[in-house]
Amino acid sequence: MSEDIWGYRPGAGYQKGIDLIGYKVEATDGSIGKIDKHSEDVGSSHVVVDTGIWIFGKHVLLPAGTIERIDRAGETVFVNRTKDQIKDAPEFDEAKYTGEPSYLEQFARYYGQPHM
């Protein structure tokens, strides 16, 4: 993998300490929801998006490396995946996230695949 899927891209506009909770999330082909959780953990930075009614209240985890740009004035995060790619991602499970050290590996495999 040529990029670190768990780190913010240089130039994405991320600064440590920014609270992204509540920011809108835009896929390459439209809005997918709002950020519900945000982690700055080194080696596993990510956001969890509440997709609302778009895919029946599913929560999806997006590694920081999928974030192309953060518009702080517009409180919007732009990601480099399509709505379908996000819809087909593994669902975020809070209990497994906190209880299984290897839980994030499925997201690394899914999002680490080449994207178009």
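A brief look at the structure comes next. (Residues numbered from 1 in each chain as written. Predicted model: local features only at pLDDT ≥ 70, side-chain atom pairs only at ≥ 80, totals over all residues. Heavy atoms only, no water.)

Secondary structure summary: the chain contains 3 helices and 6 strands in total. In sequence order, the secondary structure elements of the chain are arranged as β-β-β-β-β-β-α-α-α. On C-alpha atoms alone, the chain measures out to a radius of gyration of 13 Å, which is about the 13 Å that the 2.2 N^0.38 rule sets for 116 residues. On the principal axes, the C-alpha backbone points of the chain span a range of 35 × 30 × 30 Å. Taken across its 116 residues, the chain has 41% of its residues classed as buried. Sequence-distant contacts, at least 24 apart, represent 53% of the contacts inside the chain between residues at least 6 apart. Surface accessibility of the chain: about 6300 Å² in total, with carbon and sulfur atoms responsible for 50%. (Helix = DSSP H or I, 4+ residues; strand = E, 2+ residues; numbered from the N terminus. Rg over C-alpha atoms; globule rule 2.2 N^0.38 Å. Buried < 20%, exposed > 50% of the residue type's maximum accessible area, 1.4 Å probe, protein only. Contact = heavy atoms within 4.5 Å. Areas by Shrake-Rupley, 256 points an atom, 1.4 Å probe, with all protein chains shown as cover.)

Another point: the pattern of salt bridges. Counting across every chain of the model gives 5 salt bridges. In this structure, the salt-bridge partner of E40 is K16, at a minimum N-O distance of 3.6 Å. Of the two residues, E40 sits in the loop between β2 (30-39) and β3 (46-50) while K16 sits in the segment before β1 (24-27), which places them 24 residues apart along the sequence. Looking at E40, the relative accessible area reads 26%, which means it is partly exposed. Each of D36, K37 and E94 takes part in a single network of salt bridges with overlapping partners. (Salt bridge = Lys/Arg side-chain N within 4 Å of Asp/Glu carboxyl O.)

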